[in-house]
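# Architecture and fold: a report
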Amino acid sequence: MQNIRSIFLMLAGITVFVALAALTFSVTLAVGGILTVLMAGRALSMKMKPAPVRAKAEPKREMRIWNDGRGTIIDL
């Protein structure tokens with residue numbers, strides 16, 4: 001009787017150990033898959049952004065100043 005009980009406890013312990021190992025492995029795979037998808041999405045979204053456009057200054061225009069009779073107008 002003692003022998004059967006010890007075999008049963010040993011098998012129960014092995015079963016629990018294997019179940020926890022399988023759970024740990026599956027959770028690790030799930031988290032790894034989620035992180036992989038997020039990293040791939042981020043990498044692709046960075047490639048799709050348009051390149052920044054550099055603004056070029058217009059050639060300098062002369063400042064025009066004139067008086068129309070009601071006040072001085074300064075055109076920058």
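Residues numbered from 1 in each chain as written. Predicted model: local features only at pLDDT ≥ 70, side-chain atom pairs only at ≥ 80, totals over all residues. Heavy atoms only, no water.

### Regarding the UniProt feature "transmembrane region" (unreviewed entry) in the protein
- Mapped onto this structure's residue numbering, the UniProt feature "transmembrane region" (unreviewed entry) falls at residues 6-39.
- Across residues 6-39, helical content stands at 100% and strand content at 0%; the span's end C-alpha atoms are separated by 49 Å. (UniProt positions renumbered as here; feature names shortened; annotations may be inferred. Helix = DSSP H or I, 4+ residues; strand = E, 2+ residues; numbered from the N terminus.)

### Looking at the environment of valine 31
- For valine 31, the location among the structural elements is in helix H1 (residues 2-48).
- For the pair valine 31 and proline 59, spaced 28 residues apart in the sequence, the C-alpha separation amounts to 56 Å.

### Describing the pairing of strand E2 (residues 72-75)
- Inspection of the sheet shows strand E1 (residues 64-67) paired to E2 by 4 bridges, in the antiparallel sense. Note that in E2 the partner of tryptophan 66 across the bridge is isoleucine 73.
- Counted along the chain from E1 to the antiparallel partner E2, the turn is 4 residues long, and its residue glycine 69 has a positive phi close to 100°. (Pairing = 2+ DSSP bridges.)

### Some thoughts on the environment of asparagine 3
- Relative to the helices and strands, asparagine 3 is located in helix H1.
- Of the residues examined, asparagine 3 reaches a relative accessible area of 56% and is grouped as exposed.
- For the pair asparagine 3 and valine 31, spaced 28 residues apart in the sequence, the C-alpha separation amounts to 42 Å. (Buried < 20%, exposed > 50% of the residue type's maximum accessible area, 1.4 Å probe, protein only.)

### As for the confidence of the model for the protein
- For the protein, per-residue confidence averages 87 on the pLDDT scale, and 96% of positions sit at 70 or higher.
- Across the protein, the secondary-structure element scoring lowest on mean pLDDT is E2, at 81, and the one scoring highest is H1, at 92. (pLDDT = per-residue confidence, 0-100.)

### Some thoughts on the pattern of salt bridges
- Counted under the stated rule, the structure contains 1 salt bridge.
- Of the charged contacts, one joins arginine 70 and aspartate 68 as a salt bridge, the two residues approaching to 3.4 Å between their closest N and O atoms.
- We classify arginine 70 as exposed; its relative accessible area is 79%.
- The partly exposed category is assigned to aspartate 68, whose relative accessible area is 37%. (Salt bridge = Lys/Arg side-chain N within 4 Å of Asp/Glu carboxyl O.)

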